[in-house]
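Chain by chain, the residues run as shown.
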Amino acid sequence: MNVHDSRAIEEILINSGYRKAESQDDADILLVNSCTIREKPWHKAISETGRFRKIKGIKDNILVGLVGCVAQQEGDNIFNLLNGIDFVVSPDNYNSLPEIIKKSYVSKTGIALVGFGDGSDDDFLGLKSIYPSESSALVTIMKGCNEHCRYCIVPSVRGPERNRSIESIEKEVRNLTEQGIKEVTLLGQKVNAYKHEGMIFSDLLIRLDKIEKLERLRFTSPHPRHMTKDVTDLYGQLRTLCGAIHLPAQSGSNNTLKSMGRRYTREEYLDIVERLRKKIPDISISTDLIVGYPGETEEDFKETLSLIKEAGFSSAFSFKFSPRPGTPAFKLDNDVSEDEKSERLSRVHEIISKQEFEFRQSLKGKNLQVLVDGKGRLDSQLSGRGENFQIVNFQHSKSLEEMFGKIVTVEITEVNSNSLLGVAVEK
Ligand code: 5AD
Ligand code: SF4
């Protein structure tokens, strides 16, 4: 989400006459795009902003601004935490950044602009133009979240759910593909809960699949509760829908899922996995997991370990539970010790790395569809990404200029730690 927002901010500022600085030293305006999903990124945002603020003492006419979820969370209070910063602007207000920057040059006090937009089509940040080096783009289809999982700060910093019209989404995707984008990732905090004037997520996928110049369609992040049959049935059916999905599970224990307020069971989650594998047997499924949620016993945790195996995740992001202010879980007894959380996290890592390794090894000898986006390590090689984001380097006689943005079938011959090596299969 923040990668998309940073890119959109870049476009907004460039369109108002600013230029992207080559480096921090070269910059007159320093912006920190922040995340507050856990305590650690919150700290990082505050300390980076503090570091930038010190530059103000050394160089004249520098502006320092904080944007992103910490901006929404702290608002005016940021000026108590960090005096001397020039502005805070929350995600729904980025279109006003040029105006805020102008005001900041003359204002004696810091300026805060936070709060949520109305969710109209104009309220969604979209990209109008792309760089020649881009073949993939992120497109927001809904924002905010009404789910209120008990640990999660997102509903309070990203606001209530708002959906963009199908026409506006399609227009952006068409415009991007006309400029050379081949792969689009649809974005939303609960992306598959998308609904607008009687249209639902599966309708949107079917509609976008018809865009001829679009080669690949992905989305992030779906909620298992909305992974209904109409969506899973589209796997293997839609030309563009990738055989890879990121489906946050959070826990494998029904007790923990219940107290997290996730509103699905382990069995229901595994049923989705089964439905997906029926459609695409070698689909790669990745997930998010939280360890050490209040009340999580060793037995509960073992259920998470067994879910990793049973679901056959090919990779996972795993996190220690982090109490977030204002969430219901903040008030719960944070009873799993820090040491225990670390120990659980390393047990998750152990199984995940083994499965990741096995998954990558299983690709040897297989043909992958690779979207070419760069040069390989050797001059005679091209490089690109498979459907599961694996980096694939392969020999090719044609130049990058000729092949950029094309999808090539590549047979994988070698599996290295960070990339795969292969040869193009002539059709
Ligand atoms: N503590 C730890 N992890 C969290 N996540 C969200 N909130 C918290 C929290 N309070 C994780 C979830 C989510 C991912 C984006 O971050 O796994 O899917
Ligand atoms: Fe947070 Fe996702 Fe739950 Fe919404 S669905 S509250 S964004 S974890």
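What you are looking at is a predicted structure, and each value in this text was computed from that prediction instead of being measured.

Trainee: How would you sum up the overall build of the protein? Please name residues and give values.
Mentor: Of the regular secondary structure elements, the protein holds 14 helices and 19 strands. The C-alpha radius of gyration of the protein comes to 23 Å, within 12% of the 22 Å expected for a compact globule of 427 residues. Dimensions along the principal axes, computed over C-alpha positions, put the protein at roughly 65 × 55 × 45 Å. Across the 427 residues in the protein, those meeting the buried criterion constitute 52%. Within the protein, counting contacts between residues at least 6 apart in sequence, those at least 24 apart form 71% of the total. Carbon and sulfur atoms make up 50% of the accessible area of the protein, which totals about 20200 Å². Here the protein carries 59 positive and 63 negative side-chain charges, and the mean point of each set is 1 Å from the other.

Trainee: Quick one: what's the story with the site of ligand 1, residue by residue and with numbers?
Mentor: Close to ligand 1 lie Ile37, Arg38, Tyr151, Gln250, Asp288, Ile290, Phe319, Lys320, Phe321, Ser322 and Arg324, which account for all nearby residues. Measuring from a nitrogen atom of ligand 1, one finds a backbone N or O atom of Tyr151 at 3.1 Å. Side-chain polar atom of Asp288 to an oxygen atom of ligand 1: 2.7 Å apart, as the coordinates give it. Compared with its free state, where it exposes 400 Å², ligand 1 has 87% of that area covered by protein. Those elements giving two or more residues to the shell around ligand 1 turn out to be β13 (284–291) and β14 (315–320). Looking at the shell around ligand 1, its residues break down into five nonpolar, two polar and four charged.

Trainee: Describe the pairing of strand β1 (residues 29–34), listing the residues and the values that go with them.
Mentor: Strand direction decides the pairing type here: β1 and strand β2 (residues 63–68), joined by six bridges, are parallel. Note on β2: the bridge partner recorded for Asn33 is Val67. In this region the chain leaves β1, passes through helix α2 (residues 39–58) and returns to the parallel neighbour β2; the handedness of that crossover is right-handed.

Trainee: I'd like to hear about the sheet that holds strand β16 (residues 381–385), residue by residue, with values.
Mentor: On the basis of which strands lie adjacent, the closed barrel formed by five strands has the order β15-β16-β17-β19-β18 and mixed pairing. The mean inter-strand angle of the sheet, taken between neighbouring strand axes irrespective of direction, is 55°. Relative to strand β19 (residues 420–424), strand β18 (residues 407–415) runs antiparallel, the two sharing five bridges. Among the inter-strand pairings, Ile412 is bridged to a residue of β19, identified as Gly422.

Trainee: Give a description of the environment of Arg344 that names residues and reports values.
Mentor: Tracing the sequence through the fold places Arg344 in helix α13 (residues 338–362). As for Arg344 and Ile58, which are separated by 286 residues in sequence, their C-alpha atoms are 45 Å apart. Look past the residues within four positions of Arg344 in its chain and what remains in contact with it is Val291, Gly292, Glu296, Thr297, Glu298, Phe301 and Val336.

Trainee: Got a sec to walk through the domain arrangement of the protein? Specific residues and values, please.
Mentor: Taken domain by domain, the protein consists of domain 1 (2–113), domain 2 (117–242), domain 3 (244–362) and domain 4 (367–424). Taking only C-alpha atoms, the centre of domain 2 and the centre of domain 4 are 27 Å apart. Between domain 2 and domain 4, the residue contacts involve eleven residues of the former and eleven residues of the latter. The contact between domain 2 and domain 4 buries some 800 Å² in all, and 57% of this surface belongs to carbon and sulfur atoms. Of all residues in domain 2, the largest losses of buried area upon contact with domain 4 belong to Ser135, Arg216 and Arg218, amounting jointly to 59% of the total for that side. For the pair domain 2 and domain 4, the number of links is zero salt bridges. Seen at the junction of domain 2 and domain 4, the total is three residue pairs in polar contact (both at pLDDT 80 or more).

Trainee: Please give an account of the environment of Ser337 that cites residues and values.
Mentor: Residue placement: Ser337 occurs in the loop between β14 and α13. Overall, Ser337 belongs to the partly exposed group, its relative accessible area being 41%. Taking the C-alpha atoms as reference points, Ser337 and Gly84, 253 residues apart in sequence, are found 37 Å from one another. Here Glu340 takes part through its backbone nitrogen, which lies 3.1 Å from a polar atom of the side chain of Ser337.

Trainee: Run through helix α12 (residues 298–311), naming residues and quoting values.
Mentor: With 14 residues, α12 should cover 20 Å at 1.5 Å per step; its first-to-last C-alpha distance of 20 Å lies within 8% of that length. Within the span of α12, buried status applies to Asp300, Phe301, Thr304, Leu305, Leu307, Ile308 and Ala311. For α12, the angular spread of buried residues about the axis comes to 155°, placing them on one side. In α12, the exposed residues that point more than 90 degrees away from the buried face are Glu299, Lys309 and Glu310. On its buried side, α12 packs onto α10 (254–260), α11 (266–279), β13 and α13. One or two steps after α12, the chain reaches Gly312, where phi turns positive at roughly 65°.

Quick notes on the rules
- Residues numbered from 1 in each chain as written.
- Chains lettered and ligands numbered in written order.
- Predicted model: local features only at pLDDT ≥ 70, side-chain atom pairs only at ≥ 80, totals over all residues.
- Heavy atoms only, no water.
- Helix = DSSP H or I, 4+ residues; strand = E, 2+ residues; numbered from the N terminus.
- Rg over C-alpha atoms; globule rule 2.2 N^0.38 Å.
- Buried < 20%, exposed > 50% of the residue type's maximum accessible area, 1.4 Å probe, protein only.
- Contact = heavy atoms within 4.5 Å.
- Areas by Shrake-Rupley, 256 points an atom, 1.4 Å probe, with all protein chains shown as cover.
- Lys, Arg positive; Asp, Glu negative; His and termini not counted.
- Charge placed at Lys NZ, Arg CZ, Asp CG, Glu CD.
- Near = heavy atom within 4 Å.
- Polar contact = N/O pair within 3.5 Å; in protein donor to acceptor, adjacent residues only side chain to side chain.
- Nonpolar A, V, L, I, M, F, W, Y, C, P; charged D, E, K, R; others polar.
- Pairing = 2+ DSSP bridges.
- Right-handed = clockwise from strand over helix to strand, strands pointing away.
- Axes fitted to C-alpha atoms, helices over the stretch in contact; angles between N-to-C directions.
- Domains from an automatic or database assignment.
- Buried area = accessible area lost by both parts, 1.4 Å probe.
- Salt bridge = Lys/Arg side-chain N within 4 Å of Asp/Glu carboxyl O.
- Expected span 1.5 Å × (residues − 1).
- Arc of directions from axis to C-beta.

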